[in-house]
Amino acid sequence: MMDELNTRGLVLLGCGKMGGAMLAGWLAGGLKPEAVTVLDPHPSDWLKAQTGVRINTDLPESPAVAIIAVKPQMMGDALPALRALGAATTFVSIAAGTPIAAFEEALGAVPVVRAMPNTPAAVGRGISAVIGNSAVTPEQLDMACDLLSAVGEVVRLENEDQIDAVTGVSGSGPAYVFHMIEALAAAGEAQGLAPDLAMQLARATVCGAGELAHSDAETSAAQLRKNVTSPNGTTQAGLEVLMPELPDLMRRTVEAATNRAKELRS
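Everything numeric in this text was worked out from a predicted model, so none of it was measured.

Just to check I follow, could you spell out the sheet that holds strand β6 (residues 112-116) for this structure?
The pairing of strands in a sheet happens through backbone hydrogen bonds and is either parallel or antiparallel. Strand order in the open sheet formed by 8 strands is β3-β2-β1-β4-β5-β6-β7-β8, with mixed pairing between adjacent strands. Strand pairing shows two members of the sheet lacking a second neighbour, β3 (54-55) and β8 (152-156), which therefore form its edges. Note: strand β2 (residues 36-39) against β3, 2 bridges, orientation parallel. Paired with T37 across the strands is R54, a residue of β3. Contacts from helix α6 (residues 138-148) reach β1 (10-13), β4 (65-68), β5 (90-93), β6, β7 (126-132) and β8, with the element oriented near 150° to β8.

Even after reading the chapter, I still don't get the pattern of salt bridges, so can you show me in this structure?
Between side chains of opposite charge, pairing is possible as soon as their charged atoms come close. Applying the stated rule across the entire model yields 8 salt bridges. With a shortest N-O distance of 2.8 Å, R8 and E4 are connected by a salt bridge. Taken together, the residues R8 and E4, both in helix α1 (residues 2-8) and 4 residues apart, mark about one turn of the helix. The class of E4 is partly exposed, set by a relative accessible area of 34%. For the salt bridge of R260 with E263, the shortest nitrogen-to-oxygen distance reads 3.0 Å. Residue R260 and its partner E263 are located together in helix α12 (residues 246-265), separated by 3 residues, close to a single helical turn. You can call E263 partly exposed: its relative accessible area is 48%. One continuous salt-bridge network, built from bridges that share partners, spans D248, R251, R252 and E255.

Sorry if this is basic, but what is going on with the pairing of β7 here?
Side chains on a regular strand alternate between the two faces of the sheet. The buried count for β7 comes to 5 of 7 residues, which makes it a mostly enclosed element. Summarising the sheet, β6 and β7 pair through 4 bridges and their orientation is antiparallel. Across the sheet, the residue bridging to A115 is V130, located in β7. Relative to β8, β7 runs parallel, the two being bridged by 5 bridges. If you follow I127 over to β8, its bridge partner there is E153. Taken together, β7, α6 and β8 constitute a β-α-β crossover, and its handedness is right-handed.

Definitions and limits used
- Residues numbered from 1 in each chain as written.
- Predicted model: local features only at pLDDT ≥ 70, side-chain atom pairs only at ≥ 80, totals over all residues.
- Heavy atoms only, no water.
- Pairing = 2+ DSSP bridges.
- Helix = DSSP H or I, 4+ residues; strand = E, 2+ residues; numbered from the N terminus.
- Contact = heavy atoms within 4.5 Å.
- Axes fitted to C-alpha atoms, helices over the stretch in contact; angles between N-to-C directions.
- Salt bridge = Lys/Arg side-chain N within 4 Å of Asp/Glu carboxyl O.
- Buried < 20%, exposed > 50% of the residue type's maximum accessible area, 1.4 Å probe, protein only.
- Right-handed = clockwise from strand over helix to strand, strands pointing away.

See below:
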């Protein structure tokens, strides 16, 4: 995969936080800077420091992949620059709320892979869900998955409608976890801990528990919870307050985010 990218080139339309995180992963994984063309009206200092990467220059004639990483509201102005690339290029969109049909309308009958990554990609621990249109070959979908795996896990969807639920769970999910850290720290303060100490404890606890769940994937989350919970102990006392409320609250949270994702593409 990397050989083809280094030979034919990769175009990155938009290099903000997500695009930049992915580009850093690809460069670390063997993508040659001179194979990369970035189109971005406001390139960051980090991007400018990547010696060899071409910024806001003419596009290569037939790049292997074009990554679309601009915000949805910028899509109308940005896509025409890619139309000339044609069907030999695989187009991979990580833009939230923009369906495959919109790219087909703007770009023509070209292979399009739609992906929903999330912000932990910035530290190589993201997860992306992908779905391709009928023009995408298995090899092209594999290449898109390989690219996205540079910044985390990749799952393949059965149909495009599932992306809305993915958005509600993993796309928006990091913000739910960050708020959990806020709330846990505030609860510690309420019990007499200094703010800095409470935040340190909350951050380390959430990050450590997440790492444990990730590294021990064969053990269910339910079992991991039970492993921490001694009968009639402190954890059980806390869970007796949390468990009656959290499942329904989380269901409604994900439902609201999923519904908003549907509204944004309608």
